[in-house]
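Understanding the architecture of this molecule
Letter by letter, the chains look like this.
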Amino acid sequence: MPNENMPRRIAMWSGPRNISTAMMRSWGNRPDTVVVDEPFYAFYLEQTGKEHPLASEVIAHGQTDWRAVAGQLSQAHPSVPIFYQKQMTHHILPEVDRQWLTSVTNCFLIRDPQEVITSYIQRNGDPTAEDIGFIQQAAIFDWVREHSGAAPPVVDAKDVLQDPERVLQLLCQAVGVDFSASMLSWPPGLRDTDGVWAKHWYVEVAKSTSFQPYTEKHEAVPARLREVHAVCRACYERLYSYRLH
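Calculation rules
Residues numbered from 1 in each chain as written. Predicted model: local features only at pLDDT ≥ 70, side-chain atom pairs only at ≥ 80, totals over all residues. Heavy atoms only, no water. Salt bridge = Lys/Arg side-chain N within 4 Å of Asp/Glu carboxyl O. Helix = DSSP H or I, 4+ residues; strand = E, 2+ residues; numbered from the N terminus. Buried < 20%, exposed > 50% of the residue type's maximum accessible area, 1.4 Å probe, protein only. Pairing = 2+ DSSP bridges. Axes fitted to C-alpha atoms, helices over the stretch in contact; angles between N-to-C directions. Contact = heavy atoms within 4.5 Å. Phe/Tyr/Trp six-rings, centres within 6.5 Å; stacked < 30°, edge-to-face > 60°.

Before going further, it helps to spend a moment on the pattern of salt bridges. Per the counting criterion, the structure on display carries 14 salt bridges. As a salt-bridge pair, R243 and D159 come within 2.7 Å of each other at their nearest N and O atoms. Taken as a pair, R243 in the segment after α11 (226-240) and D159 in helix α7 (residues 157-162) lie far apart in primary sequence, 84 residues in all. In this pair, the class of R243 matches that of D159, namely buried. Of the charged contacts in the structure, one is a salt bridge between E237 and R233, with a shortest N-O distance of 3.6 Å. Residue E237 and its partner R233 are both found in helix α11; the two are separated by four residues, about one turn of the helix. Classification of E237 by relative accessible area gives partly exposed; the value is 45%. Note on R233: relative accessible area 19%, which makes it buried. Each of D37, E38 and K86 takes part in salt bridges that share partners, so that together they form one network.

Written out as structure tokens, the structure is:
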């Protein structure tokens with residue numbers, strides 16, 4: 001955990017099909033905060049060759065050297081006291097040295113894997129457990145806990161949507177910053193700080209002005225993905241036991 005007197009560099013670790021972009025909007029609406037959107041994405045795409053929408057554009061506009069990315073994330077932002085980093089757990093490939101995590105305040109945003117998987121397959125092919133990041137999320141959590149000597153903050157997407165103010169207050173307290181009511185709503189539209197992929201992925205978020213109320217999802221995980229779901233659920237339930245509530 002960084003020294004409490006240092007500027008806050010907050011890395012929020014999530015997998016895909018979560019409320020990570022809405023969470024970035026929430027923090028980005030604070031007057032004392034600047035955000036960065038999935039800084040390892042270009043590196044991940046170049047290394048894996050994954051055929052994601054706008055992949056060539058993401059690589060062209062992004063930093064593909066993970067060491068350079070980690071170095072940038074480890075520095076205080078020159079203009080504001082809080083530097084919020086929207087991070088995707090599956091972008092942290094095995095070759096990325098995790099030592100840089102000691103220079104940021106790490107937090108974890110989790111979502112029920114049944115909801116993640118049934119949402120993911122609506123727009124993507126059948127995922128592996130690694131594609132949706134639960135295994136990597138648990139591994140990063142364990143690394144941070146081991147090297148900091150304490151369990152890092154965990155928030156569950158359902159809790160956030162059911163009571164944004166209360167959960168954001170708990171999160172702010174856990175990371176050592178004052179809660180701001182500006183986190184509860186934001187103007188619609190895209191942002192200069194959004195990744196170049198925003199025009200493809202952020203259509204709904206661009207219409208939003210706040211966290212949307214939670215709605216129960218009843219879609220069943222297809223039989224072909226039951227093993228993937230079981231692996232992800234084991235990781236999710238372990239982190240869920242640490243959630244702020």
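Let us keep going from here.
Let us now look at the sheet that holds strand β1 (residues 8-14). The five strands lie next to each other as β2-β3-β1-β4-β5, forming an open sheet whose pairing is parallel. For this open sheet the edge positions go to β2 (33-37) and β5 (154-156), each flanked by a neighbour on one side alone. On average, each strand axis in the sheet is tilted by 20° relative to the strand beside it, whichever way the strands run. Of the strands in this sheet, β1, β4 (105-110) and β5 touch helix α6 (residues 134-148), which is tilted by about 150° from β4.

Another aspect to go through is the packing of aromatic side chains. One pass over the structure, following the stated rule, counts eight aromatic pairs. With a centroid separation of 5.3 Å and an interplanar angle of 10°, the aromatic rings of W27 and Y84 are classed as stacked. Residue W27 is found in helix α1 (residues 20-28), and its partner Y84 is found in strand β3 (residues 82-88); the two are separated by 57 residues along the sequence. Ring centres of F40 and W100 lie 5.6 Å apart, and the angle between their planes is 40°; on these two criteria the pair is classed as tilted. With F40 in the loop between β2 and α2 (41-48) and W100 in the loop between β3 and β4, the pair connects residues that are 60 residues apart, well separated along the chain.

Right, let's get into the environment of G133. Following the sequence through the fold, G133 ends up in the loop between α5 (113-120) and α6. Using a relative accessible area of 1% as the deciding quantity, one classes G133 as buried. Sequence separation between G133 and D112 is 21 residues; the distance between their C-alpha atoms is 12 Å. Those residues within four positions of G133 in sequence are excluded, and the remaining contacts are T89 and H90.

Coordinates in, geometry out; function isn't part of it.
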